[in-house]
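Given next are the chains, with one letter for each unit.
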Amino acid sequence: LEARYGDIAAMNEAWGNVFWSQEYRSFEEIDLPNLTVTEPNPSHVLDFYRFSSDQVIGFNRQQTEIIRKYAPGRDIIHNFMGFFFDFDHFALAEDLDAVGWDSYPIGFLDVAPFPASDKERYLRQGHPDIAAFHHDLYRACGRGRWQVLEQQPGAVNWAPHNPAPLAGMVRLWSLEAFAHGGEAVNYFRWRQAPFAQEQMHAGLERPNGAAAPGIAEARETATDLKALALDKDSGGKARVALLFSYEANWLFEAQPQGAEWSYPALVFEWYAGLRRLGLDIDIISPSAPLGGYALILVPSLPIVDEGFIERLRETKAPVLFGPRSGSKTLSLSIPEALAPGLLQTLLPLNVIRSESFPDFYRVKGTLNNAPVEGRAWLDHVETDLAPLARSDEGGLLYRNNNILYLTTVPEPLFLGGLLFSLAEEAGLAPVFLPEDLRRRRRGDTEFVFNYGPESNEILENVAPEDASFILGERQLPPAGVAAWKRNTKSH
Amino acid sequence: LEARYGDIAAMNEAWGNVFWSQEYRSFEEIDLPNLTVTEPNPSHVLDFYRFSSDQVIGFNRQQTEIIRKYAPGRDIIHNFMGFFFDFDHFALAEDLDAVGWDSYPIGFLDVAPFPASDKERYLRQGHPDIAAFHHDLYRACGRGRWQVLEQQPGAVNWAPHNPAPLAGMVRLWSLEAFAHGGEAVNYFRWRQAPFAQEQMHAGLERPNGAAAPGIAEARETATDLKALALDKDSGGKARVALLFSYEANWLFEAQPQGAEWSYPALVFEWYAGLRRLGLDIDIISPSAPLGGYALILVPSLPIVDEGFIERLRETKAPVLFGPRSGSKTLSLSIPEALAPGLLQTLLPLNVIRSESFPDFYRVKGTLNNAPVEGRAWLDHVETDLAPLARSDEGGLLYRNNNILYLTTVPEPLFLGGLLFSLAEEAGLAPVFLPEDLRRRRRGDTEFVFNYGPESNEILENVAPEDASFILGERQLPPAGVAAWKRNTKSH
Amino acid sequence: LEARYGDIAAMNEAWGNVFWSQEYRSFEEIDLPNLTVTEPNPSHVLDFYRFSSDQVIGFNRQQTEIIRKYAPGRDIIHNFMGFFFDFDHFALAEDLDAVGWDSYPIGFLDVAPFPASDKERYLRQGHPDIAAFHHDLYRACGRGRWQVLEQQPGAVNWAPHNPAPLAGMVRLWSLEAFAHGGEAVNYFRWRQAPFAQEQMHAGLERPNGAAAPGIAEARETATDLKALALDKDSGGKARVALLFSYEANWLFEAQPQGAEWSYPALVFEWYAGLRRLGLDIDIISPSAPLGGYALILVPSLPIVDEGFIERLRETKAPVLFGPRSGSKTLSLSIPEALAPGLLQTLLPLNVIRSESFPDFYRVKGTLNNAPVEGRAWLDHVETDLAPLARSDEGGLLYRNNNILYLTTVPEPLFLGGLLFSLAEEAGLAPVFLPEDLRRRRRGDTEFVFNYGPESNEILENVAPEDASFILGERQLPPAGVAAWKRNTKSH
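Residues numbered from 1 in each chain as written. Chains lettered and ligands numbered in written order. Predicted model: local features only at pLDDT ≥ 70, side-chain atom pairs only at ≥ 80, totals over all residues. Heavy atoms only, no water.

It is worth spelling out the overall build of chain A at this point. Scanning chain A from terminus to terminus reveals 13 helices and 21 strands. In terms of overall size, chain A behaves like a compact globule, its C-alpha atoms giving a radius of gyration of 24 Å where 491 residues would be expected to give roughly 23 Å. Projecting the C-alpha coordinates of chain A onto the three principal axes gives extents of approximately 70 × 60 × 45 Å. Per-residue burial for chain A yields a buried fraction of 61% across its 491 residues. For chain A, long-range pairs separated by at least 24 residues make up 64% of all intrachain contacts whose partners lie at least 6 apart in sequence. Of the roughly 19,600 Å² of accessible surface on chain A, 52% is carried by carbon and sulfur atoms. (Helix = DSSP H or I, 4+ residues; strand = E, 2+ residues; numbered from the N terminus. Rg over C-alpha atoms; globule rule 2.2 N^0.38 Å. Buried < 20%, exposed > 50% of the residue type's maximum accessible area, 1.4 Å probe, protein only. Contact = heavy atoms within 4.5 Å. Areas by Shrake-Rupley, 256 points an atom, 1.4 Å probe, with all protein chains shown as cover.)

Another aspect to go through is a nonpolar patch on the surface. Taken together, the side chains of Leu32, Phe48 and Phe51 of chain A make up a nonpolar region of the molecular surface, amounting to roughly 290 Å² of accessible area. Position of Phe48 of chain A relative to the elements: it lies in helix α3 (residues 42–70). (Patch = residues over 30% accessible without salt bridge, like charges linked within 9 Å, V, L, I, M, F, W, Y side chains within 5 Å. Salt bridge = Lys/Arg side-chain N within 4 Å of Asp/Glu carboxyl O.)

The subject of this paragraph is the relation of the copies chain C and chain B. In the superposition of chain C on chain B (RMSD 0.1 Å, axial shift 0.0 Å), the rotation amounts to 120°. Such a turn and shift between the copies fits a three-fold axis. Using C-alpha coordinates, one finds that chain C approaches the rotation axis most closely at Leu35 of chain C, a distance of 11 Å. (Least-squares fit on C-alpha atoms with pLDDT ≥ 70 in both.)

So, about the side chain of Glu198 of chain A. By the secondary structure assignment, Glu198 of chain A is in the loop between β4 (185–187) and α9 (213–228). Here Glu198 of chain A is buried and forms no salt bridge, its nearest opposite-charge partner Arg189 of chain A lying at an N-O distance of 4.6 Å. Those residues in contact with Glu198 of chain A, other than ones at most four positions away along the chain, are Asn157, Phe188 and Ala193 of chain A together with Phe19 and Trp20 of chain C. (Lys, Arg positive; Asp, Glu negative; His and termini not counted.)

Counting residues in hydrophobic clusters, the biggest one holds 108 residues, and the most contacted among them are Phe80 and Leu320 of chain C. If we ignore the near neighbours within four places in the chain, the residues touching Phe80 of chain C are Phe87, His89, Leu92, Ala93, Leu96, Val99, Gly100, Trp101, Asp102, Tyr138 and Cys141 of chain C. (Core = buried A, V, L, I, M, F, W, Y, C linked by side-chain atoms within 4.5 Å.)

This paragraph deals with the pairing of strand β14 (residues 403–406) of chain A. Residues and elements named next belong to chain A. Where burial is concerned, the two faces of β14 agree: the one with Ile403 and Tyr405 and the one with Leu404 and Leu406 are both buried. Of the strand pairs in this sheet, strand β8 (residues 319–321) and β14 are connected by three bridges, and their pairing is parallel. Considered in β14, the bridge of Val319 is made with Ile403. In terms of strand pairing, strand β13 (residues 394–400) meets β14 through four bridges, oriented antiparallel. Across the sheet, the residue bridging to Tyr398 is Tyr405, located in β14. From the end of β13 to the start of β14, which pair antiparallel, there are two residues, and Asn401 there has a positive phi angle of about 55°. (Pairing = 2+ DSSP bridges.)

Our focus in this paragraph is the environment of Pro410 of chain A. All names here are of chain A. As for its position among the elements, Pro410 is in strand β15 (residues 408–410). Owing to a relative accessible area of 0%, Pro410 belongs among the buried residues under this scheme. If we ignore the near neighbours within four places in the chain, the residues touching Pro410 are Glu269, Trp270, Glu373, Gly374, Arg375 and Leu415.

With 27 residues of chain C in contact, the opposing surface of chain B contributes 33 residues. Both faces combined, the contact of chain C with chain B buries some 2,600 Å², and carbon together with sulfur accounts for 56% of it. Applying the counting rule to chain C against chain B returns three salt bridges. A salt bridge links Glu393 of chain B to Arg124 of chain C; the shortest N-O distance between them is 2.5 Å. The tally of links from chain C across to chain B stands at 16 residue pairs in polar contact (both at pLDDT 80 or more). Each residue belonging to the side of chain C that touches chain B can be placed in one class, and the counts come to 14 nonpolar, seven polar and six charged. (Buried area = accessible area lost by both parts, 1.4 Å probe. Polar contact = N/O pair within 3.5 Å; in protein donor to acceptor, adjacent residues only side chain to side chain. Nonpolar A, V, L, I, M, F, W, Y, C, P; charged D, E, K, R; others polar.)

The subject of this paragraph is the pairing of strand β21 (residues 481–485) of chain B. Residues and elements named next belong to chain B. Burial analysis of β21 places four of its five residues in the buried class, which makes it a mostly covered element. The pairing of strand β17 (residues 445–450) with β21 spans five bridges and is classified as antiparallel. Across the sheet, the residue bridging to Val448 is Ala482, located in β21. Relative to β21, strand β19 (residues 469–471) runs antiparallel, the two being bridged by two bridges. Following the sheet pairing, Phe469 is matched in β21 by Trp484.

A few words now on the sheet that holds strand β3 (residues 146–151) of chain C. Residue and element names in this part refer to chain C. Strand order in the open sheet formed by four strands is β1-β2-β3-β4, and the pairing between neighbours is parallel. Because the sheet does not close on itself, it has two edges, and the strands there are β1 (77–80) and β4 (185–187). Across the sheet, the mean angle separating the axes of adjacent strands is 25° when strand polarity is ignored. One ladder, built from five bridges, connects strand β2 (residues 98–103) with β3; its direction is parallel. Opposite Ser103, over in β3, you have Gln151 as the bridge partner. The sheet strands contacting helix α8 (residues 169–179) are β3 and β4, and the helix crosses β4 at an angle near 150°. (Axes fitted to C-alpha atoms, helices over the stretch in contact; angles between N-to-C directions.)

Moving on to the pattern of salt bridges. According to the stated counting rule, one finds 105 salt bridges over all chains in the structure shown. In this structure, the salt-bridge partner of Asp136 of chain A is Arg139 of chain A, at a minimum N-O distance of 2.9 Å. Of the two residues, Asp136 of chain A and Arg139 of chain A both sit in helix α7 (residues 130–141), three residues apart, roughly one turn of that helix. Under the relative-accessibility criterion, Asp136 of chain A is labelled buried at 1%. Linking Arg50 of chain B and Asp47 of chain B is a salt bridge whose minimum nitrogen-to-oxygen distance equals 2.8 Å. Taken together, the residues span about one helical turn, with Arg50 of chain B and Asp47 of chain B both in helix α3 (residues 42–70) at a distance of three residues.

Glancing now at the sheet that holds strand β4 (residues 185–187) of chain B. All names here are of chain B. Taken in spatial order, the four strands of this open sheet run β1-β2-β3-β4, and their pairing is parallel. Looking at strand neighbours, the two that pair on one side only are β1 (77–80) and β4, the edges of this open sheet. Neighbour to neighbour, the strand axes of the sheet diverge by 25° on average, direction disregarded. Against the sheet, helix α7 (residues 130–141) touches β1, β2 (98–103) and β3 (146–151), its axis set at about 165° to β2.

If you look at the interface, chain A gives 27 residues, while chain C gives 33 residues. Contact with chain C buries surface across chain A, with Gln197, Met200 and Arg206 of chain A losing the most and accounting together for 25% of the total. Our count for the contact surface shared by chain A and chain C stands at three salt bridges. Remark: the boundary between chain A and chain C carries 16 residue pairs in polar contact (both at pLDDT 80 or more).

Residue and element names in this part refer to chain A. Since its relative accessible area comes to 7%, Arg139 is described here as buried. For Arg139, the side chain forms a polar contact with the main-chain oxygen of His180, separated by 3.3 Å. There is a polar contact of 3.1 Å between the side chain of Arg139 and the side chain of Asp282.

It is worth spelling out the environment of Asp231 of chain A at this point. Residues and elements named next belong to chain A. By the secondary structure assignment, Asp231 is in the loop between α9 and β5 (240–243). Sequence separation between Asp231 and Thr445 is 214 residues; the distance between their C-alpha atoms is 8.6 Å. Residue contacts for Asp231: discarding those within four places in its chain leaves Arg442, Gly443 and Asp444.

Bringing helix α8 (residues 169–179) of chain A into the picture now. All names here are of chain A. Across the 11 residues of α8, 11 count as buried, placing the element largely inside the fold. Among all positions in α8, only Met169, Val170, Arg171, Leu172, Trp173, Ser174, Leu175, Glu176, Ala177, Phe178 and Ala179 are buried. Immediately downstream of α8, the backbone of Gly181 shows phi near 100°, a positive value.

Next up on the list: unusual backbone geometry. Put simply, Ala339 of chain A and Pro340 of chain A share a cis peptide bond, and its omega is 0°. Mapped onto the elements, Pro340 of chain A comes out in the loop between β8 and β9 (349–356). Across the junction of Phe188 of chain C and Arg189 of chain C, the peptide omega takes the value 5°, indicating a cis bond. Within the secondary structure layout, Arg189 of chain C lies in the loop between β4 and α9 (213–228). With a phi angle near 65°, Ala479 of chain A is a residue other than glycine that sits in the positive phi range.

Function-wise, these values are silent; they only describe arrangement.
Following this line, the structure appears as structure tokens:
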């Protein structure tokens, strides 16, 4: 904190410690922001998250420096986890040569707050977007270089329930990783250990060394890879950018203001919404360049700085912001100009008050005469802009040139329609994929994956009529994968 | 405890410490009644509540004595909270000149265990009886002198969900406080702070000093008050008394005997039941005089003393007791004569056993051939009295002269019908108000409030046909308030 | 641990401590298996349960040795509890002359995870199989000598909800205990105490010494017993054995692998399934002889030793094993031969992987063309045996000679049909009793109990047409008990 603020008066000012008479006299007086009599100052919590992240990054840097010194010339990689946001992975990965992560699609579905219908439909497959989301996030962290360090090869031991993957899913998961540009897929583990904590965690081999079901699928994947002859590089830059901020997550953890507000769920929903349209997605950090993207999505970005505004000015692509964007200063205060703060230079509106809602409540409005619904949050704005979507409670969607702003968390149908029309505007040829299918392109290879428990036909507008299938065919069975080479100019 | 019991033998006897061989040898051996191997002695818990309350009262007295000494001639007021019963507010308020409280109708609805239908219907209004209940409770504590020290002026920050009030509710809440005899309504806060813990708590002004929605309603309330020209005093004594005992709450916390038993919920239901009949209510302490009341309600009073019996003898008004009344001695034992203990001198019946029930269970019976239902509790009695309401499991309602006793917690329809007929018997001209309307009289001014999300017409038997409305009109919009002067002799 | 393993290397090997580099250098380094950074080694947990059980048994032995020395010639009895499995009651009871237990059917129903429909139907009776299960379990522990040391005589104080027993239930519970071979039924308590923690616990007398409802039923039971003239002994050995292992419960607590896996619930369901067929049941320990039983049920037995296999070889009776049987070594590892381990000598199949499922999932299959369902668990096997029941996911039931193996937890209809056909095969003349009726035989006396809230006729195939009823009659009211002498050769 001393490094950040210089003197205690500046920190007291930044945190607003005058409130509740909580001014500190020196940095020595500052404790952890827990075990407080009532809630801690949210600015304190946010700065603790920043400090804690820096500690992790610093420790990793120490390790990599030692390795580089005593074992030069090697790539350094480390494993990241699923739905884990407690340190800034973009920043830490700068000290790595590549990023790895541990992909457990079935366990993640069980422990994450997905609706019961998803937990039932994808019981043995995992949610169709969980692995993909992390592939794209860690591809960004690794600056294109990444791999799966632990791929679930069967039932595991650590989730509340541990079903085995549907036959074919180990291969499907593996190919999905390569479709997203992965350099390798490693399975955890080679042989199931017969003892200790993880003895019920499947391996490619059973505890006695006999083949377990996963190994045949791993071998089939190897054969597939030879047939596919994928480009060496990670498949190139996508045309859609989805902005993800670790800092935003910490800030909202420190000040949710509504029990139903979840930043990770919000970002994941937007990611899934884009993927349902058959689009390839780059997940980007708040400091990433915006050039080259045809469509930019910002589910929420509470802290907006001048650099971000500069990068925004340079894009002509549609940029869709979700609620609470620009609502906070760097030290988690309300900006002098009120929300959306610095964004007002591009989006002339003013959030004069905000509401949060319980689960049962929906903000009901219309967009082009069709009903739309929002939930969890509503920003009330003053503006001269006419809302594109409106409700009796106020405008739901505003636009100024290429900048759009949602005042509520859009429900799936609202979100899907909006993303579709923006993708069309951006010339991205979106399609509404069937519920269980997902598409991913790497270089000139196009993949379609079937995550559903039933057969699914690949739609005409997904695979061209004359597609020459390298893997699979037009009618995809459960856990089926199709791949063909495409004319990259046709899309 | 030494002050209360004199010697350790008397305390051992009072608490029944011989049970489980828990006799103490000296007062020094007594710990707090927590962190015990199994449940603590309930008499110990009750005495701890008494001690803890006395400590709060003693500390407040110290403060008031200092203020009176060094700043004489001023009224001393302090803020109480909503649904907070851990000390005896009647006793503490004796050292204050007036009582204040902090009214957050929307947040209280969210955190209190109201049914989902209420949470949905009153999302932006708060439950119609929450503020009124506390107005009447703290009016009693303040011996008629009270005010709202913190009135919610918009969305707040501390509840799990924080919707903004429906337009008009800030004015409605303010006028409801004055209708109940409040001396003032203060808003928390003047200007929203842009920093620290409560930065998302609305003020009358936005963080930048611009007007927030609440301020116009506060100004309108001021105009209304001039038009109303209310009596200076707090509106006089009501004709209905509802007895509330802090000690009863502590006793039932110490010994609930059924997970569905909630003393605060019971009292609140009876309060709401009376208010649905358009009645003004005095909440009274167990030591209050009963003279002058036409109807007296005692949802439950486990400890009954001789003084209370004396005051009971002096009233001819119907007095309705709920279950568990008279069931305990001062030290939380079962009276020698069994429940209802001293009440047996006025009500010749004997509770020979009691049952508690889960949520799904209803005691089904009849009253005047109409079906009635109870829940949560059933006292089985031996008596020569014929029950007025009965079930296959035993009598549900008994009466001896003006004293009535319910053996179960009456469900709303049972309770409403019973309160209506007792109010009629007492000459109080009850009405069944529409679900969302509430009525309150102060002096010669009669108010009707619409807490519902829809328009509501005021019934003919609520506002006379020739009523000359000072505020509002017969058809009340959501958050609407009507007021007129009435001929006080007509009711 | 030193006594068990001799040296630390053997313990490290047995627990697989090499995993996660958790080898200990000496026994002094070993802590309790709690407060660990992540999950403890399950072998450590299991050995802690064993140690903890041994400590309880050792302490009890100390006490009994003192009593036998200074008060020789007396029977020593101690009370056990309901649904309490933390020490090995079979082993402890070897130091007692007889076993007692505390039977609170209504409270147990409230606190145990029974479905809501059972909690509602049996609110004032308790579940029909709770008391019977413990009677049979503790009869086995006491080697035939047992009694009820505390019988609930009315409403109690310790459950979340405390309804009073339906009229007649105190007598029914008492007679059910005698029907199961109990030597005595004692009521807790004689007189309700008016003070301290249990003042709301009913006695046979009210706090003031007057008769409470239970005492008349206790007296009626005494009269019944004279009329019944039961055999002195505990009623003889049953023809059906249900194996219960305390160690199995500890093992599954240490490694549930699925949140829906509950060993006590599994055993209880099989017990209830047998009882619904009107069968008398012996609960046996894993070390009990199997001779003389016509049908043997093993809901699950993860650790199987050579002695058990030897005893199995000596029986021709059908033996039904549930999933996870034989799946672990003595030190909670996976056997070299994989599950079902040593059982493979009698049952040639191999569990190659296992799955656990959430509550909503059912494994759907067929048995003799009829639909059957399993839940919670599925073992996938390799075998040359043809499955008797199968699903798309694999075989559900296998049989080799008299040994049967279920790969899933059978749902009630699957279980009921399977138990019925095995009981018929064993010549046990099972019947499908009406939902609320239960039957128990002691010597030549046959009892039928009605646990339902409605009247029930005793079926013709339960009581013979010429039955001469000592208690009750063919049409049983709620809480009714019928008893008659039977021709023991006819069954």
